[in-house]
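# Notes for the structure review
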Amino acid sequence: MRACGLFAVAAFLVVAAPVQAEETASVSESVYVTPGAVRSWQMEGKEVFFLDVREADEFEAGHLPGAKNILWTQVGSVTDQLPKDRPIVTYCIHSAHRAPEAAKTLRSLGFPNAYVLEGGIVAWQAGGLSLRANTARAPEILPYSDRCATGKKQG
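Residues numbered from 1 in each chain as written. Predicted model: local features only at pLDDT ≥ 70, side-chain atom pairs only at ≥ 80, totals over all residues. Heavy atoms only, no water.

A word on the overall build of the chain. The helix and strand tally for the chain stands at 6 helices and 5 strands. Written out in order from the N terminus, the α and β elements of the chain read α-β-α-β-α-β-β-α-β-α-α. Going through the 155 residues of the chain one by one, you find that 39% of them count as buried. Total accessible area on the chain is roughly 8,300 Å²; 54% of this is exposed by carbon and sulfur atoms. (Helix = DSSP H or I, 4+ residues; strand = E, 2+ residues; numbered from the N terminus. Buried < 20%, exposed > 50% of the residue type's maximum accessible area, 1.4 Å probe, protein only. Areas by Shrake-Rupley, 256 points an atom, 1.4 Å probe, with all protein chains shown as cover.)

Here it is in structure tokens:
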């Protein structure tokens, strides 16, 4: 099976088998939370800080409402801009690499409330939840199958 096919199966399994956030993870682990769990937090009145760790053009293409865009490699240098009193939910396209790394960095810097959005922005949108975008300037976010066919990588 091609690498794209393996990833597609793994991505399906991640989205199809939701994981609830675990509060007891070590600082070296990423803690995943499903879009449904995040939505439940919001419905209960819990404020959630969304941290989009993608490139600026990806953010412009579409992002979660109220999200702050900080490149995943930069999160360690901007901790003074992040809340310690509410959940920080990091995400990227599928939350397969960038978001987990950002959450691990935050946890190691004293943010035990840092989570990874299970399945990323793709799972958020697939769950019927809204996105914000600057459609006048936004580049297209390619579906996974198209990225495999064209060799473009998004994470």
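Having seen the structure, we can now continue with the description.
Our next topic: the pairing of strand β4 (residues 88-91). Burial along β4 is two-sided: the face carrying I88 and T90 and the face carrying V89 and Y91 are both buried. Taken together, the 4 bridges between strand β2 (residues 49-52) and β4 define a ladder with parallel strand orientation. Among the inter-strand pairings, L51 is bridged to a residue of β4, identified as T90. Of the pairings in the sheet, the one linking β4 to strand β5 (residues 114-117) comprises 3 bridges and is parallel in character. Along β5, the bridge assignment pairs T90 with V116. In the classification by handedness, the crossover that spans β4, the intervening helix α4 (residues 98-108) and the parallel β5 is right-handed. (Pairing = 2+ DSSP bridges. Right-handed = clockwise from strand over helix to strand, strands pointing away.)

An order of β1-β5-β4-β2-β3 is seen for the 5 strands of this open sheet, with the pairing classed as parallel. Here the strands that pair on one side only, and so sit at the sheet edges, are β1 (32-33) and β3 (68-69). In the packing of α4 onto the sheet, contacts are made with β1, β2, β4 and β5, and the angle to β5 comes to roughly 175°. (Contact = heavy atoms within 4.5 Å. Axes fitted to C-alpha atoms, helices over the stretch in contact; angles between N-to-C directions.)

What follows covers the pairing of β5. The two faces of β5 match: A114 and V116 on one face and Y115 and L117 on the other face are all buried. Where β1 and β5 come together, 2 bridges link them in parallel fashion. In the strand pairing of β5, V33 is matched with L117.

Before going further, it helps to spend a moment on the side chain of N113. Here N113 lies in the loop between α4 and β5. For N113, a relative accessible area of 11% corresponds to the buried category. Ignoring anything within four residues of it in the chain, the contact list for N113 reads P83, K84, D85, R86, P87 and I88.

If you look at the biggest cluster of nonpolar residues, it comprises 17 residues, and the most contacted ones within it are V38, F50, L64 and V89. Listing elements by their share of this core, those giving two or more residues are α2 (35-43), β4, β5 and α5 (120-126). Here this core takes 3 residues from α2, the largest share from any one element. Excluding anything up to four places from it in sequence, V38 contacts V33, V48, F50, V89, L117 and W124. Formed by 16 residues, the second largest nonpolar core is a distinct cluster that contains F49, L51, I70 and V116. (Core = buried A, V, L, I, M, F, W, Y, C linked by side-chain atoms within 4.5 Å.)

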